Amino acid sequence: MTTINKRELIVSAIENGTVIDHIPVNTVLMVLNILGLNNYEDEVLIGINLDSKKYGKKGIIKVRGKYFQQHDLNKIALVAPDATLIVIKNYEVVEKKSVQIPDKIDEILKCINPNCITNKEAIKTKFTVIGKDPLKIQCHYCEKSMTNIRFAE
Amino acid sequence: MANLKNKNLISISDYNKQDYLEILKLAAEFEENPRQEILKDKVVASIFFEPSTRTRLSFESAASMLGAKVIGFANPAATSQAKGESLHDTIKMLSSYSDIIVMRHSIEGAARYAAEVSTVPLINAGDGSNQHPTQCMLDLYSILKTQGTLENLQITLVGDLKYGRTVHSLVEAMCHFNATFHLVSPTALKLPSAVKMHIKRAKLKYYQYTNISDAVSVSDIIYMTRVQRERFSDPLDYEKVKDSCIIDASTLEGCQENMRVLHPLPRLNEIAVDVDKTPYAYYFQQARNGVYVRQALMSAILGLR
């Protein structure tokens, strides 16, 4: 076993899967939701309020038996911009990745314009990211741009 | 040559400079010869989910002059939407009855969504406060006709620059043609920064004013819009500014010979009737140009020109 952080072991190691580290404590459940882990059938370990040198307190999620595509992981950049993804195979760290705000965001957000068609009919939302710092997105349908992000329920 | 066959027109940004020029060239041909039966076997669905006089009649007139059959409705109360049918289902059905759909809707984004559902091309005739691209095309055509060019013009935009969708689209389109913008509005109704970004990105200049008289002498085009009382939370604020964005014949003294006044209509008091008799008034011809531009759009999108 190489460099799995001892602090991560507090939550328990996984043989194969993904560790999502450095999640802000208040967005751990959102990350679960964004990655669709609410209905995942294998083991998901969640740690909240773990000590972090860099952030004070942090959250962590370990998902057994699952590897994510980069574009799925990038969606969590909206709520956990400093998250680190650690790919584990055979208890060993084989890859570490960071997340990046994607250029397009589908489904997970809600348009803030109450008169947008996506708030009137059952339509999956689509947004284009037009600014990353600060985050600014534009609705594909009503074309309104917005800086406050609202997640679909 | 731009190929616009089957290309939806939802937002002015869907088309590029080449596309605009292609449509304007075609519109000029239709102005020469507006009655030709090139859409004889075609069915145009004209569906207006909210009332409109000019846009609907201009589309239907344009289609009829080209020999198309026009189906549709001007009043959603008489449709299955009133019974609760979704826009999705209405469009699915209509796209199997027609060759092209012209749609106005009060909900923003309805046109983009309808185009995704439809199996035939769709032209947005206005979706809430979002886009009204055919108005923009006819504005461009009117500017081209009155100035002989679209390049390097001094464009003055007056009135409600914050909420006016025609103003936003016109700014975006004129950024392709090296325009200089003169923006005249009450402080509360200034052009939004998102629209100013188009000007900045194109490295063009804009100047802001609160009174129209300051911009008259430099203008090639004065594009008037309504300042609506309901945009002001305090009625006193409206009273203070309501006269700063209106013109009469005397306001236009000292303007350039080639200057023309445009307005998407309907007008209220922002253009006094004495302007109508001056050589600068162009708003009624502008409305008529809508027919030729819409003929050009329908025939290009149906691949018949």
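What comes next is a walk through the structure. For clarity, every value in this text was computed on a predicted model and none was experimentally measured.

Turning our eyes to something else, we now look at the overall build of chain B. Scanning chain B from N- to C-terminus turns up 9 helices and 9 strands. Computed over its C-alpha atoms, the radius of gyration of chain B comes to 19 Å, within 12% of the 19 Å expected for a compact globule of 305 residues. Expressed along its principal axes, the backbone C-alpha trace of chain B runs to roughly 55 × 45 × 40 Å. Burial status across chain B gives 57% buried among its 305 residues. Accessible surface, chain B: about 12600 Å² in total, of which carbon and sulfur atoms supply 48%. Positive and negative side-chain charges in chain B, numbering 34 and 33 respectively, have mean positions lying 3 Å apart.

Glancing now at the packing of aromatic side chains. The tally for this structure, following the rule as stated, stands at 4 aromatic pairs over all chains. Relative to B:Y113, the ring of A:Y141 lies with its centre 6.2 Å away and its plane at 75°, an arrangement referred to as edge-to-face. Highlighted residues: A:Y141 in the loop between β9 (135–139) and β10 (145–146) and B:Y113 in helix α4 (residues 110–117), drawn from two different chains. The same class applies to A:Y141 as to B:Y113, namely buried. Note that A:K89 overlies the ring of A:Y67, its terminal NZ or CZ placed 5.1 Å from the centroid.

All names here are of chain B. Relative to the assigned elements, N124 resides in strand β4 (residues 122–127). Measuring from C-alpha to C-alpha, the distance between N124 and R104 comes to 6.3 Å, with 20 residues separating the pair along the chain. Setting aside residues up to four positions removed in sequence, N124 forms contacts with L9, I10, M103, A111, Q131, P133 and T134. From its side chain, N124 meets the backbone oxygen of I10 in a polar contact 2.9 Å long.

All right, on to the sheet that holds strand β2 (residues 69–73) of chain B then. Residues and elements named next belong to chain B. Taking strand neighbours across the sheet as the criterion, the 4 strands line up as β2-β1-β3-β4 in an open arrangement whose pairing is parallel. Bordering the open sheet on either side are β2 and β4, each of which pairs with just one other strand. Recorded for the sheet is a direction-independent mean angle of 15° between the axes of neighbouring strands. Note that strand β1 (residues 43–48) and strand β3 (residues 100–105) share 5 bridges and pair parallel. Looking at the pairing, S46 lines up with V102 of β3. Across the sheet, helix α2 (residues 54–65) lies against β1, β2, β3 and β4, angled at about 175° from β1, the strand it touches most.

The next point concerns the nonpolar core. Judged by nonpolar contacts, the single largest core of 61 residues is most densely connected at B:L157, B:M174 and B:F181. Broken down by element, this core gets its largest block of residues, 8 residues, from helix α9 (residues 283–301) of chain B. Setting aside chain neighbours within four positions, we find B:L157 in contact with B:V167, B:L170, B:V171, B:F181, B:H182, B:L183, B:V184 and B:Y223. One finds A:V31, A:I34, A:L78 and B:V117 within the second-largest nonpolar core, a separate group that totals 55 residues.

So, about the side chain of B:S11. Within the fold, B:S11 resides in the segment before α1 (17–32). B:S11 has contacts with A:E143, B:R112, B:Q131 and B:P133, leaving out every residue within four places of it along the chain.

The next thing to look at is the layout of surface pockets. In this model, the largest pocket occupies a volume close to 1100 Å³. Around the largest pocket, the lining comprises 35 residues; the ones closest to its centre are A:Q138, A:E143, A:K144, A:S145 and B:A194. Sorting the residues of the lining of the largest pocket by element identifies β6 (104–106), β8 (126–132) and β9 of chain A together with α6 (165–174) and α7 (193–201) of chain B as the ones contributing at least two each. The dominant element in the lining of the largest pocket, judged by the number of residues it contributes, is α7(B), at 6 residues. Tallied by class, the residues present in the lining of the largest pocket amount to 9 nonpolar, 14 polar and 12 charged. Estimates place the volume of the second largest pocket at around 760 Å³. Taken together, 30 residues make up the lining of the second largest pocket; nearest its centre are B:R165, B:T166, B:R226, B:L265 and B:P266. Looking at the lining of the second largest pocket, the elements that each hand over two or more residues are α2, α5 (133–147), α6 and α9 of chain B.

Criteria and cut-off values
- Residues numbered from 1 in each chain as written.
- Chains lettered and ligands numbered in written order.
- Predicted model: local features only at pLDDT ≥ 70, side-chain atom pairs only at ≥ 80, totals over all residues.
- Heavy atoms only, no water.
- Helix = DSSP H or I, 4+ residues; strand = E, 2+ residues; numbered from the N terminus.
- Rg over C-alpha atoms; globule rule 2.2 N^0.38 Å.
- Buried < 20%, exposed > 50% of the residue type's maximum accessible area, 1.4 Å probe, protein only.
- Areas by Shrake-Rupley, 256 points an atom, 1.4 Å probe, with all protein chains shown as cover.
- Lys, Arg positive; Asp, Glu negative; His and termini not counted.
- Charge placed at Lys NZ, Arg CZ, Asp CG, Glu CD.
- Phe/Tyr/Trp six-rings, centres within 6.5 Å; stacked < 30°, edge-to-face > 60°.
- Lys NZ or Arg CZ within 6 Å of the ring centre and 35° of its normal.
- Contact = heavy atoms within 4.5 Å.
- Polar contact = N/O pair within 3.5 Å; in protein donor to acceptor, adjacent residues only side chain to side chain.
- Pairing = 2+ DSSP bridges.
- Axes fitted to C-alpha atoms, helices over the stretch in contact; angles between N-to-C directions.
- Core = buried A, V, L, I, M, F, W, Y, C linked by side-chain atoms within 4.5 Å.
- 1 Å grid on protein atoms, 1.4 Å probe; cavity = no way out; pocket = protein on both sides within 12 Å on 5 of 7 lines; lining within 4 Å.
- Points joined across faces, edges and corners; volume = space filled by probe spheres on them.
- Nonpolar A, V, L, I, M, F, W, Y, C, P; charged D, E, K, R; others polar.

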